Amino acid sequence: MADRVIYGINSVLKALERRARDIRRVFLEDGGDGRRHERVARAAAAAGVTLDHVGRDELIKLTGTAKHQGVAARVAGQRELDDHAALALIAGLTNPLVLVLDGVEDPRNFGAILRTADAAGVDLVVTGRSRGVALTPVVSKVASGAAETQALARVANLARFLRALRAAGVRTVGTDEAGTTAIFDVSLTGPLALIMGGEGKGLRRLTREHCDALVRVPMLGAVESLNVSVAAGVCVYEAIRQRRPGPA
């Protein structure tokens, strides 16, 4: 499987902390940000990872952007779980919280969702293999390290995976404008998969059919809908609020 490139100081530092054995090389821009680049250099040395000093143009060519913060790394392969490994992970948890993305295609949205999921302690983020963005350098940069720490699965068939979740006792709750119940008025406790639709398209028909409930995020102003990464944050943290021990 081909290597992938990540960039940005937080992304590379997190990768060195959590997945150093998968990092082929770290690249630092010559004459870049002294103290922050020193942190990366020390972390690479501590992990035994080769460090290369390169020019700005070479970093732009490597990452495809000028917003690389002077830091990049080449990482071995992708790190998504497949269907079997994802279901095995969920089976080993007593009260899993899963976030399923049905066709999220914008890498910045995907990165922001991964960052929120990691911050909230989501056990697994799931995307479909045929629909949705993969782990790109932009995703890793926006996720600010979360792409290297958040458990992530890329499954062959999303509807089939949702059937398997339900068979395993995981309740599936989809967010949809057609939902008759507000997200705040439905129980989000117990083994749960929250399902978010793609930008502008929402949930596909087959995905809706595999949801135990459809809910909506209330829109009280003139705006008709939220960006999917913002909506995911609202829904995930409502689930965390309800699931925390003690009074809500």
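On a predicted model such as this, the values are computed, not experimentally measured, just so you know.

Conventions used here
- Residues numbered from 1 in each chain as written.
- Predicted model: local features only at pLDDT ≥ 70, side-chain atom pairs only at ≥ 80, totals over all residues.
- Heavy atoms only, no water.
- Pairing = 2+ DSSP bridges.
- Helix = DSSP H or I, 4+ residues; strand = E, 2+ residues; numbered from the N terminus.
- Right-handed = clockwise from strand over helix to strand, strands pointing away.
- Core = buried A, V, L, I, M, F, W, Y, C linked by side-chain atoms within 4.5 Å.
- Buried < 20%, exposed > 50% of the residue type's maximum accessible area, 1.4 Å probe, protein only.
- 1 Å grid on protein atoms, 1.4 Å probe; cavity = no way out; pocket = protein on both sides within 12 Å on 5 of 7 lines; lining within 4 Å.
- Points joined across faces, edges and corners; volume = space filled by probe spheres on them.
- Nonpolar A, V, L, I, M, F, W, Y, C, P; charged D, E, K, R; others polar.
- Salt bridge = Lys/Arg side-chain N within 4 Å of Asp/Glu carboxyl O.
- Axes fitted to C-alpha atoms, helices over the stretch in contact; angles between N-to-C directions.
- Contact = heavy atoms within 4.5 Å.
- Polar contact = N/O pair within 3.5 Å; in protein donor to acceptor, adjacent residues only side chain to side chain.
- Expected span 1.5 Å × (residues − 1).
- Arc of directions from axis to C-beta.

**Some words on the pairing of strand β3 (residues 50-54)**
Examined bridge by bridge, strand β2 (residues 23-29) and β3 share five bridges and lie parallel to one another. Bridge assignment links F27 to a residue of β3, and that residue is D52. The parallel pair β2 and β3 is bridged by helix α2 (residues 34-47), and the resulting crossover is right-handed.

**So, the nonpolar core**
If you look at the biggest cluster of nonpolar residues, it comprises 34 residues, and the most contacted ones within it are L99, F110, L114 and L194. In terms of residue count, the dominant contributor to this core is helix α9 (residues 228-243) (six residues).

**Re the layout of surface pockets**
Approximately 510 Å³ is the volume found for the largest pocket. Considering the residues around the largest pocket, the lining is formed by 21 residues, among which T175, D176, E177, S225 and L226 are closest to the centre. Looking at the lining of the largest pocket, the elements with two or more residues in it are β10 (192-197), β11 (213-216) and α9. Tallied by class, the residues present in the lining of the largest pocket amount to eight nonpolar, six polar and seven charged.

**Details of the pattern of salt bridges**
Tallied over the entire structure, the rule returns eleven salt bridges. A salt bridge links K201 to E105; the shortest N-O distance between them is 3.6 Å. A residue pair is termed long-range when its members are at least 10 positions apart, and K201 in the loop between β10 and α8 (205-209) and E105 in the loop between β5 (97-102) and α5 (107-120) qualify at 96 residues. Residue class for E105 comes out partly exposed when judged on its relative accessible area of 43%.

**Things to note about the sheet that holds strand β1 (residues 4-7)**
An order of β1-β4-β2-β3 is seen for the four strands of this open sheet, with the pairing classed as mixed. The open sheet terminates on both sides in strands that have one partner only, identified here as β1 and β3. The sheet shows a mean angle of 25° between the axes of neighbouring strands, direction not considered. Bridge analysis of β2 against strand β4 (residues 71-75) gives five bridges, and the strand direction is antiparallel. Its bridge partner being in β4, F27 is matched across the sheet by A72. Sitting on the sheet, helix α1 (residues 9-18) is in contact with β1, β2 and β4, with an inclination near 120° to β1.

**Thoughts on the side chain of D102**
Here D102 shows up in strand β5. Given the relative accessible area of 0%, D102 is considered buried. In terms of polar contacts, D102 uses its side chain to reach the side chain of T207, at 2.9 Å. Look past the residues within four positions of D102 in its chain and what remains in contact with it is R131, L158, M196, G197, G198, G202, L203, R204 and T207.

**Observations concerning α2**
Between the first and last C-alpha of α2 there are 20 Å, a value that for 14 residues agrees with the 20 Å anticipated at 1.5 Å per step. Those residues of α2 lying buried are H37, V40 and A44. Axial view of α2: buried residues confined to an arc of 55°, hence all on one face. Facing away from the buried side of α2, by more than 90 degrees, are the exposed residues R35, R42, A45 and A46.

**With respect to the side chain of D176**
Mapped onto the elements, D176 comes out in the loop between β8 (171-175) and β9 (181-182). Of the residues examined, D176 reaches a relative accessible area of 10% and is grouped as buried. Those residues in contact with D176, other than ones at most four positions away along the chain, are L203, R208, L214, V215 and R216.

**Focus: the environment of R35**
Relative to the elements of secondary structure, R35 occurs in helix α2. The exposure class assigned to R35 is exposed, which follows from its relative accessible area of 72%. Distance from R35 to E148, taken between C-alpha atoms, is 23 Å for residues 113 residues apart in sequence.

**Here's the deal with the sheet that holds β11**
Across the sheet, seven strands lie side by side as β7-β6-β5-β10-β8-β11-β9; this open sheet has parallel pairing. Of all the strands in the sheet, just β7 (152-155) and β9 have a single pairing partner and so form its edges. Bridge analysis of β5 against strand β6 (residues 124-128) gives four bridges, and the strand direction is parallel. Considered in β6, the bridge of V100 is made with V126. In the packing of helix α4 (residues 83-91) onto the sheet, the strands contacted are β5, β6 and β7, and the crossing angle to β7 comes to about 135°.

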